Amino acid sequence: MNVGLLHPGAMGAVAGGACSSPVYWASQGRSAETADRASRYGLIDARDMGALAAAVDVIVSVCPPHAALDVAGAVASTGFTGIYVDANAVSPSVAKAIGDRFERFVDGSIIGPPPHEAGTTRLYLSGDEAPSIAALWEGSALEPRVLDGGAGAGSASVLKMAYAGWTKGSAALLLAMRAYAESTGVGEALVAEWSESIPELVDRVERTARGVGPKAWRFAGEMEHIAVALSDVELPSGFHEAAAAIYAALADLRSEEAPSLRDVMDRLGHEATS
């Protein structure tokens, strides 16, 4: 099967390069940086969305959560009749809304970093045609796993919400508490207490600032989707709404390769005192 990829970002390009079938992308409206990534991983340029939809049997969407519905709408408008795979960090209700636009739909989610090497990253898939999509990445650095959970075609999104709700949610909480201590004048005292009672947090907060700062603009949308997912099953959503606000405050660090803890604290401190 020919595969279309929308769009080859830091994750999508590497995932596309790991696929066993020819992978196409659409360069229209995309940046030179995106084109460079696509070329590096051997993706074939179909130029525009219509040509891509006509050339492929499967389209995989890997994009920021806030764009997932728009990307699906753009594909649906071409009359695409193949399998649409939404591999984004969206709530199950949004995954369902996306799936309702296509006759053939597979819900997906990616857990782990861009799959440069085996054993780091999983592609979870759910839905009737999930096994045929899994076969496209079988034996690659991106390990496919087919789910048969109670949420049916939305199981992959449920898993992603639960997993990221802890990993990225707890990271936001850690940064918020460090910023709170800074804003109220007890930052050094908190670090001293951590050093005695929870020493791993001293390094962890530094690593968290460097790691999540450049990705915070995407994480904000992901936290919003997790809040919706929790609300949909009548669980409290407020914590992840707050986590979204934490990440939104760091959005301008997108261009920084490895921002310092001070960079993060300055932004959160401003938010805390404004």
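### Side note on the overall build of the chain
Thought 1: Along its length, the chain carries twelve helices and eight strands.
Thought 2: If one aligns the C-alpha atoms of the chain with their principal axes, the spans along those axes are about 60 × 40 × 35 Å.
Thought 3: Looking at the chain as a whole, 49% of its 274 residues are labelled buried.
Thought 4: Contacts spanning at least 24 positions in sequence make up 59% of the contacts within the chain whose residues lie at least 6 apart.
Thought 5: With an accessible surface of roughly 12,800 Å², the chain has 52% of that area assigned to carbon and sulfur atoms.
Thought 6: Charge separation in the chain, taken as the distance between the mean sites of 20 positive and 34 negative side-chain charges, equals 4 Å.

### Some remarks on the sheet that holds strand β3 (residues 44-45)
Thought 1: The strand order β3-β2-β1-β4-β5-β6-β7-β8 describes an open sheet built from eight strands, whose pairing is mixed. Here the strands that pair on one side only, and so sit at the sheet edges, are β3 and β8 (142-146).
Thought 2: As paired elements, strand β4 (residues 58-61) and strand β5 (residues 83-86) share four bridges and run parallel to each other. Bridge pairing in β5 links Ile59 to Tyr84.
Thought 3: This element, helix α1 (residues 10-18), spans β1 (3-6), β2 (23-25), β6 (105-111) and β8 of the sheet and lies at about 165 degrees to β1.

### Observations concerning the environment of Asp86
Thought 1: Assignment of secondary structure puts Asp86 in strand β5.
Thought 2: In this structure the C-alpha to C-alpha distance between Asp86 and Val60, which are 26 residues apart in sequence, comes to 6.0 Å.
Thought 3: When residues no more than four places from it in sequence are discounted, the contact partners of Asp86 are Ser61, Ala68, Ile98, Phe105, Val106, Asp107 and Gly108.

### Topic: empty space enclosed by the protein
Thought 1: Tallied over the full model, the rule gives one cavity of 30 Å³ or more.
Thought 2: In this structure, the largest cavity encloses a volume near 50 Å³.
Thought 3: Around the largest cavity, the lining residues are Leu5, Ala15, Gly16, Val60, Val62, Ala87, Ile110, Leu123, Trp137 and Leu142.
Thought 4: Of the residues in the lining of the largest cavity, the class split is nine nonpolar, one polar and no charged.

### Some remarks on the layout of surface pockets
Thought 1: When its volume is computed, the largest pocket comes out at roughly 1,600 Å³.
Thought 2: Mapped by element, the contributors of at least two residues to the lining of the largest pocket are α1, α2 (32-40), α4 (68-76), β6, α7 (155-183), α9 (200-212) and α10 (216-232).
Thought 3: Its residues placed into classes, the lining of the largest pocket shows 22 nonpolar, eleven polar and 15 charged.

### Describing the pattern of salt bridges
Thought 1: This structure, assessed with the given rule, holds eleven salt bridges.
Thought 2: Of the charged contacts in the structure, one is a salt bridge between Arg145 and Glu143, with a shortest N-O distance of 3.0 Å.
Thought 3: For Asp252, the salt bridge is made with Arg267, and the minimal N-O distance between the two is 2.8 Å. Here Asp252, found in the loop between α11 (238-248) and α12 (261-273), pairs with Arg267, found in helix α12; they are 15 residues apart in sequence, far enough to count as distant.

The rules we used
Residues numbered from 1 in each chain as written. Predicted model: local features only at pLDDT ≥ 70, side-chain atom pairs only at ≥ 80, totals over all residues. Heavy atoms only, no water. Helix = DSSP H or I, 4+ residues; strand = E, 2+ residues; numbered from the N terminus. Buried < 20%, exposed > 50% of the residue type's maximum accessible area, 1.4 Å probe, protein only. Contact = heavy atoms within 4.5 Å. Areas by Shrake-Rupley, 256 points an atom, 1.4 Å probe, with all protein chains shown as cover. Lys, Arg positive; Asp, Glu negative; His and termini not counted. Charge placed at Lys NZ, Arg CZ, Asp CG, Glu CD. Pairing = 2+ DSSP bridges. Axes fitted to C-alpha atoms, helices over the stretch in contact; angles between N-to-C directions. 1 Å grid on protein atoms, 1.4 Å probe; cavity = no way out; pocket = protein on both sides within 12 Å on 5 of 7 lines; lining within 4 Å. Points joined across faces, edges and corners; volume = space filled by probe spheres on them. Nonpolar A, V, L, I, M, F, W, Y, C, P; charged D, E, K, R; others polar. Salt bridge = Lys/Arg side-chain N within 4 Å of Asp/Glu carboxyl O.

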